[in-house]
Amino acid sequence: MFIRLFVLGIHVVCIAVLSACSALQTDKVDYRSATQAPPLEVPPDLTRPSTRTPYVVGGAAVTATGFLAGRASAPQAPVGALDLGTVRMGREGSQRWLSVALPANKLWDDLKDFWQEHGFVLVTDRPDLGIMETDWAENRAKLPQDFLRNALGKVLDGLYSTGERDRFRTRLEANPQGGTDIFITHRGMVEVYSTAQKDQTVWQPRAADPELEAEFLRRFMVRLGMSAEQAQTALTPEVIAKQGGVRVRDAEGAVVLEMDEDFDKAWRRVGLTLDRTNFTVEDRDRAKGIYYVRYVAPKAEGKDAGFFGSLFRSKPLQPEPQQYQIVVAAESQRCVVSVLRADGSSAAMEDAQRIIALLAQDLR
């Protein structure tokens, strides 16, 4: 009897400890850069980050140093508290963004510090394009907080893994009011078994998480001076703008996307979709309605080199990145989105159909 009571007591204590540990785990995000872990093998154009320096500035013509050369050399404090009217969260469906009554160059350094403080390393730092991107990182807040993990986690922390990695792109764009719109988009990877014996794994893309995007927007609102309660309220506005319909249609031998939106909304929605999906926005021209992008078709759609080709090649061929123009054009009460080659000529029908289908899937 004594032994049974002793065992029962142990079970009660364990349950209490587990409940306490779970209750303590209230943070949604706790990221650790994947550059501290084994290399992450990712699909083409989801480039593995460099680990040589904390910040890698893309391009040679314009750098962050040159962009900020005219500013004071002394360290600058964060933006600090702003009037609530100068920070607003916009929302259409699952897409959210911040509108801030400040120019982009007043927000850039603060955004860099923001991502670094959350455990990320920046691999793209392009103030000339208004784009920064983090490396792949693991959200350790998703790990189970049980008794064993709390007891041994500090010692054997590297043995625990969520099997997921995230990276985030931040895009800044001037708005008609003279301020800046801030867009944060998420890309995710998940580790899955590649063999029936479950002895090998591969990384493959997983769906973007709008709630993670919203969480980081909320946190940046707090950094700009909002209280945590006000920022949380901003995530769930009473009125959510309704998104217009999206249709794919043929137009004089080409496939296009019709959006029942004015140009401003269509431009914003297409930009967010490009950031979320397997496109790299290299430049954009809002006045002409053009996003200049790089895209890699899925590996399965590449040509098979056959048995002899694979026999004498150490690695399988990957499709080469292709450059395109994604054009958003206003027509009466709607907008039409089309796909062109880099030189402005019509894209091949097969390529246009694939890209339009990808855009439509996220926009609907």
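Reading the values: rules and limits
Residues numbered from 1 in each chain as written. Predicted model: local features only at pLDDT ≥ 70, side-chain atom pairs only at ≥ 80, totals over all residues. Heavy atoms only, no water. Helix = DSSP H or I, 4+ residues; strand = E, 2+ residues; numbered from the N terminus. Expected span 1.5 Å × (residues − 1). Buried < 20%, exposed > 50% of the residue type's maximum accessible area, 1.4 Å probe, protein only. Polar contact = N/O pair within 3.5 Å; in protein donor to acceptor, adjacent residues only side chain to side chain. Salt bridge = Lys/Arg side-chain N within 4 Å of Asp/Glu carboxyl O. Core = buried A, V, L, I, M, F, W, Y, C linked by side-chain atoms within 4.5 Å. Contact = heavy atoms within 4.5 Å. Arc of directions from axis to C-beta. pLDDT = per-residue confidence, 0-100. Axes fitted to C-alpha atoms, helices over the stretch in contact; angles between N-to-C directions. Left-handed = near helix turned anticlockwise from the far one by under 90°. Nonpolar A, V, L, I, M, F, W, Y, C, P; charged D, E, K, R; others polar. Pairing = 2+ DSSP bridges.

Trainee: Quick one: what's the story with helix α5 (residues 210-223), residue by residue and with numbers?
Mentor: With 14 residues, α5 extends 20 Å from end C-alpha to end C-alpha; this agrees with the ideal 20 Å at 1.5 Å per step. Burial of α5 is extensive: 11 of the 14 residues sit out of reach of the surface. Residues of α5 that are buried: Leu212, Glu213, Ala214, Glu215, Phe216, Leu217, Arg218, Arg219, Phe220, Met221 and Arg223. Two or three places before Glu211, at the opening of α5, Asp209 has a side-chain oxygen 3.0 Å from that residue's backbone nitrogen. Of the residues flanking the end of α5, it is Gly225, one or two places downstream, whose phi is positive at about 125 degrees.

Trainee: Let's hear about the pattern of salt bridges: which residues, and what values?
Mentor: For the structure shown, the criterion picks out 29 salt bridges. Across the pair Lys142 and Glu164 runs a salt bridge, and its minimum N-O distance is 2.8 Å. Taken as a pair, Lys142 in the loop between β6 (137-139) and α4 (147-152) and Glu164 in strand β7 (residues 164-174) lie far apart in primary sequence, 22 residues in all. Where Arg286 meets Glu173, a salt bridge forms, and the shortest distance between an N and an O atom there is 3.1 Å. Residue Arg286 is located in the loop between β12 (279-285) and β13 (290-295), and its partner Glu173 is located in strand β7; the two are separated by 113 residues in the primary sequence. Judged by relative accessible area, Arg286 falls into the partly exposed class, the value being 28%.

Trainee: Lay out the nonpolar core in plain terms, naming residues and giving numbers.
Mentor: Residues Trp115 and Phe216 are the most contacted members of the largest nonpolar core, which totals 31 residues. If you list the elements that add at least two residues to this core, you get β2 (87-92), β3 (95-100), α3 (108-117), β7, β8 (180-193), α5 and α6 (228-235). For this core, the element with the highest residue contribution is α5, accounting for six residues. Excluding its chain neighbours within four sequence positions, the residues that come into contact with Trp115 are Phe120, Leu122, Met132, Thr134, Phe168, Thr170, Ile184 and Phe216. The next biggest cluster of nonpolar side chains, apart from the first, holds 27 residues, and it includes Tyr295, Tyr324, Val328 and Leu359.

Trainee: How would you sum up the environment of Arg165? Please name residues and give values.
Mentor: For Arg165, the position within the fold is in strand β7. When its relative accessible area of 9% is taken as the criterion, Arg165 is described as buried. Separated by 133 residues in the primary sequence, Arg165 and Arg32 have C-alpha atoms spaced 9.6 Å apart.

Trainee: Could you give an account of α6, with specific residues and numbers?
Mentor: Every buried residue of α6 is accounted for by Ala231, Ala234 and Leu235. One face of α6 carries all of its buried residues, which in axial projection span an arc of 110 degrees. Set apart from the buried face of α6 by more than 90 degrees, the exposed residues are Glu229 and Thr233. Of the surrounding secondary structure, the elements contacted by the buried residues of α6 are β2, β3 and α5.

Trainee: Tell me what's going on with the confidence of the model for the protein chain, and back it up with residues and numbers.
Mentor: Detailed reading of the predicted coordinates is not advisable wherever pLDDT is low. Taken residue by residue, the protein chain gives an average pLDDT of 75. The fraction at 70 or more is 65%. Long-range and interchain partners of residues 43-81, a stretch whose pLDDT sits below 50, account for 73 contacts in this model, where long-range means more than four residues apart. In this model residues 300-314 is a low-confidence stretch, pLDDT under 50, and it forms three contacts with partners more than four residues away in sequence or in other chains.

Trainee: How would you sum up the side chain of Asp166? Please name residues and give values.
Mentor: Take Asp166: it is sitting in strand β7. Here His186 takes part through its side chain, which lies 2.6 Å from a polar atom of the side chain of Asp166. Sequence-distant contacts of Asp166, that is, excluding residues within four places in its chain, are made with Tyr31, Phe120, Asp135, Trp136, Ala137, Asn139, His186, Arg187, Gly188, Arg206 and Leu212.

Trainee: Account for the environment of Arg167, with residues named and values stated.
Mentor: Within the secondary structure, Arg167 sits in strand β7. The exposure class of Arg167 is buried, given its relative accessible area of 5%. With 32 residues separating them along the chain, Arg167 and Asp135 place their C-alpha atoms 5.7 Å apart. Only 3.2 Å separates the side chain of Arg167 from the backbone oxygen of Thr134, close enough to count as a polar contact.

Trainee: Report on the packing of α5 against α6, specifying residues and quantitative values.
Mentor: Closest axis-to-axis distance for the α5/α6 pair is 9 Å, and the angle between their directions is 145 degrees. Pair α5 / α6 crosses with right-handed handedness. Mapping the contact onto sequence places Ala214, Arg218, Met221 and Val222 in α5 and Ala228, Ala231, Gln232, Ala234 and Leu235 in α6. By residue class, the composition of the contact of α5 with α6 is seven nonpolar, one polar and one charged.

Trainee: I'd like a description of the pairing of β3, backed by residues and values.
Mentor: Burial analysis of β3 places six of its six residues in the buried class, which makes it a mostly covered element. Of the two faces of β3, the one lined by Gln95, Trp97 and Ser99 and the one lined by Arg96, Leu98 and Val100 are each fully buried. In terms of strand pairing, β2 meets β3 through six bridges, oriented antiparallel. From the neighbouring strand, Arg88 faces β3, where its bridge partner is Ser99. Linking β2 to β3, which pair antiparallel, is a turn of two residues; within it Gly93 sits at a positive phi near 60 degrees. The sheet contact formed by β3 and β8 spans three bridges and is antiparallel. Note on β8: the bridge partner recorded for Ser99 is Asp181.

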